[in-house]
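# Structural overview
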Amino acid sequence: MNKNFYKSKKFVAKTLYGLENILARELEKLGAEKINILNRAVEFEGTKDLMYRANISLRTALRILVPVTNFKFQNTKEFYTRAKKIDWLDYIKPNQTFAIDSVVNSKLFKHNKYPALKLKDAIVDKIRDITAKRPDVNTENPDIKIHLHIQNNFAKIYLDSSGESLHMRGYRLEGAAAPLNEALAAGMILLTGWKGDTDFIDPMCGSGTLVAEAAMIAKNLPPNLYRNHFGFMKWDDFDKELFTKIKKELSGKVRNPGITIYGSDVSAKAIEVARKNIARAKLENDVILEVKDFTEVNKTGERGIIVTNPPYGTRIKNKNLIQLYKSFGDILKKKFDGYEAWILSGDKTAIKNIGLRTSKKLTLYNGPIECKFHKFELYKGSRKTKNKIESLS
Ligand SMILES: C[S@@+](CC[C@H](N)C(=O)[O-])C[C@H]1O[C@@H](n2cnc3c(N)ncnc32)[C@H](O)[C@@H]1O
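Note that the structure is predicted; figures quoted are calculated from it, not measured.

## Regarding the overall build of the protein
Scanning the protein from terminus to terminus reveals 11 helices and 15 strands. In terms of overall size, the protein behaves like a compact globule, its C-alpha atoms giving a radius of gyration of 24 Å where 393 residues would be expected to give roughly 21 Å. Long-range contacts, defined here as pairs at least 24 residues apart, represent 77% of the contacts in the protein between residues at least 6 apart.

Right, dumping it as structure tokens:
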């Protein structure tokens, strides 16, 4: 590794739309400095120790990038020349494979994929000129992952310390209908402000993503504590001792939350998948799962939160979507007074039928689908009555 690599101490954590502030808060807790919120990303400063911790612990990050260099260029030829000037042997050995992931927003290239091809040529040519050997590209499972970002005539090149995206915690191998991205699920829960101290219910839990992420938050269990592959493990400066020490320290902080985390779904197949996922996440003692229609679900305790993602047409066909939301609203009103309910839905019409007053509405994206994340506060009677009672007491 180039000796100046960590000198700037700068990192960039990528995330999903709407989770930037939550990610910044997570980074602050880890001890990151000079935190700067960007669009779907957060810049910060720290050490190699922090980079390892960030990869293991951040719930809402997708990847942690480390800057290699940045430069201006006037045309494709200059881009190649500048890219070839980089001491690529510091980062990639001729017997290693690599892949380039790029985000390009520039009129200087005819195709958005072209800069990544040019960068690949520059890397291969540079290493071949020096060693007479060439590293191979492997897009599936590369040893070294490079991230290229081009805005007009400005290129930024990073090493990707995460490798595979951090939302791939490793517990969800089984495909179920329309599962949430794990980082999105964790972000939704953190956005509610829930701290793992009251019961948590997802009555349409599908493959169990929300209950799995809730259990990990409540247990103070880092989402990637059990993951044994990160991009930085293939770097020549990988400090195994430090990595093991951090994992041991974080394992020692896992706690037993003493609350109920409950997931149910009308589909027996979905619950079968959820059970396998929960077991793989080693959370079988922390999450209760049942096959149940949501109309049959009851409070698990006096105080609690419901976070759920009902079907919404685009990804799951449901003929009676309007009726489903209406009946879900009725159940919330009837059975869950004293609870908070947060619902993620991509169907603006269907969610109106819930018949409850929204007290907060946030925008998130489930893949390409723009969704609203609604908060409902559930009281006995109407909000008006509650306010009256409070003002009299
Ligand atoms: C969008 S999916 C939830 C995906 C889940 N968040 C995940 O990450 O896997 C909606 C779920 O609602 C369930 N569902 C639909 N109608 C239901 C009902 N009446 N009672 C309980 N679950 C229902 C479906 O079986 C489906 O699993």
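## Details of the packing of helix H3 (residues 76-85) against helix H4 (residues 114-131)
Taken N-terminus to C-terminus, the directions of H3 and H4 make an angle of 40 degrees; their axes are 8 Å apart at the nearest point. Between H3 and H4, the interaxial angle falls into the category oblique. The handedness of the crossing between H3 and H4 comes out as right-handed. In this structure, H3 uses Thr76, Phe79, Tyr80, Ala83 and Lys84 to contact H4, whose residues at the interface are Pro115, Lys118, Leu119, Asp121, Ala122, Asp125 and Lys126.

## A word on helix H1 (residues 20-30)
Restricting attention to buried positions, one finds in H1 the residues Ile22, Leu23, Ala24, Glu26 and Leu27. Residues of H1 that are buried make contact with strand E1 (10-14), strand E2 (33-38), strand E3 (41-45) and helix H5 (182-192). Just past H1, the residue Gly31 takes up positive phi, approximately 100 degrees.

## Some thoughts on the domain arrangement of the protein
Domains assigned within the protein are domain 1 (10-160) and domain 2 (182-220 + 254-391). Using C-alpha coordinates to define each centre, domain 1 is positioned 36 Å away from domain 2. The interface is formed by 10 residues belonging to domain 1 together with 11 residues belonging to domain 2. When grouped by side-chain class, the residues that make up the side of domain 1 that touches domain 2 number 6 nonpolar, 3 polar and 1 charged.

## Quick notes on the pairing of E1
For E1, a buried count of 4 out of 5 residues is recorded, marking the element as mostly surrounded by other parts of the structure. Looking at chain direction, E1 and E3 are connected through 5 bridges and run antiparallel. Looking at the pairing, Phe11 lines up with Phe44 of E3. Sheet topology places E1 next to strand E4 (residues 63-72); 3 bridges connect them, and they run antiparallel.

## A word on the site of the ligand
The full set close to the ligand counts 23 residues, and Pro179, Met204, Gly206, Ser207 and Thr209 are the nearest of them. Of the residues belonging to the shell around the ligand, the class tally is 16 nonpolar, 5 polar and 2 charged.

## Quick word on helix H8 (residues 268-280)
Residues that lie three or four places apart on an α-helix share one face, since the helix turns once every 3.6 residues. In this model, H8 (13 residues) spans 19 Å end to end at C-alpha, consistent with the 18 Å of a helix rising 1.5 Å per residue. Residues of H8 that are buried include every one of Ala270, Ile271, Val273, Ala274, Asn277 and Ile278, and no others. Each buried residue of H8 sits inside an arc of 160 degrees when the element is viewed along its axis, so together they form one side. H8 presents Ala268 and Ala279 as exposed residues on the side facing more than 90 degrees away from its buried surface. Looking one or two places after H8, you find Lys282, whose phi comes out positive at around 60 degrees.

## Structural notes on the packing of helix H2 (residues 48-57) against helix H7 (residues 240-251)
Their axes nearest at 10 Å, the elements H2 and H7 cross at an angle of 50 degrees. Accordingly, the angle class assigned to the pair H2 and H7 is oblique. Where H2 crosses over H7, the handedness of that crossing is right-handed. Judged by residue contacts, Asp49, Tyr52, Arg53, Ile56 and Ser57 of H2 engage Leu242, Phe243, Ile246, Lys247 and Leu250 from H7. Residues that form the contact of H2 with H7 fall into these classes: 6 nonpolar, 1 polar and 3 charged.

## A look at the sheet that holds E1
Taken in spatial order, the 8 strands of this open sheet run E2-E3-E1-E4-E8-E7-E5-E6, and their pairing is mixed. Looking at the sheet topology across the chains shown, the edges are occupied by E2 and strand E6 (136-137). Summarising the sheet, strand E5 (residues 97-105) and E6 pair through 2 bridges and their orientation is parallel. Note on E6: the bridge partner recorded for Phe98 is Val137.

## A short note on the nonpolar core
Core analysis: the biggest nonpolar cluster contains 106 residues, and Ala13, Leu23, Ala61, Met188, Ile189, Ala214 and Ala215 have the highest contact counts within it. Two domains each donate at least three residues to this core, and these are domain 1 (10-160) and domain 2 (182-220 + 254-391).

## Quick word on the sheet that holds strand E11 (residues 288-291)
One open sheet accounts for 7 strands, arranged E11-E10-E9-E12-E13-E15-E14; its pairing is mixed. Two strands lie at the open edges of the sheet, namely E11 and strand E14 (358-366), each paired on one side alone. Ignoring strand direction, the axes of neighbouring strands in this sheet form an average angle of 15 degrees. Contacts from helix H6 (residues 209-219) reach strand E9 (199-202), strand E10 (261-265) and strand E12 (304-308) within the one sheet, and its direction differs from that of E10 by about 175 degrees. Lying over the sheet, H8 contacts E10 and E11, oriented at roughly 165 degrees with respect to E11.

## Thoughts on the environment of Asn21
Positionally, Asn21 belongs in helix H1. The class of Asn21 is partly exposed, set by 15 C-beta atoms lying within 10 Å. For the pair Asn21 and Ile37, spaced 16 residues apart in sequence, the C-alpha to C-alpha distance is 7.1 Å.

What counts, and at which threshold
- Residues numbered from 1 in each chain as written.
- Predicted model: local features only at pLDDT ≥ 70, side-chain atom pairs only at ≥ 80, totals over all residues.
- Helix = DSSP H or I, 4+ residues; strand = E, 2+ residues; numbered from the N terminus.
- Rg over C-alpha atoms; globule rule 2.2 N^0.38 Å.
- Contact = placed C-beta atoms within 7 Å.
- Axes fitted to C-alpha atoms, helices over the stretch in contact; angles between N-to-C directions.
- Parallel < 35°, antiparallel > 145°, perpendicular 65-115°, else oblique.
- Left-handed = near helix turned anticlockwise from the far one by under 90°.
- Buried ≥ 20, exposed ≤ 12 C-beta atoms within 10 Å, placed from the backbone.
- Domains from an automatic or database assignment.
- Nonpolar A, V, L, I, M, F, W, Y, C, P; charged D, E, K, R; others polar.
- Pairing = 2+ DSSP bridges.
- Near = placed C-beta within 6 Å.
- Expected span 1.5 Å × (residues − 1).
- Arc of directions from axis to C-beta.
- Core = buried A, V, L, I, M, F, W, Y, C linked by C-beta atoms within 7 Å.

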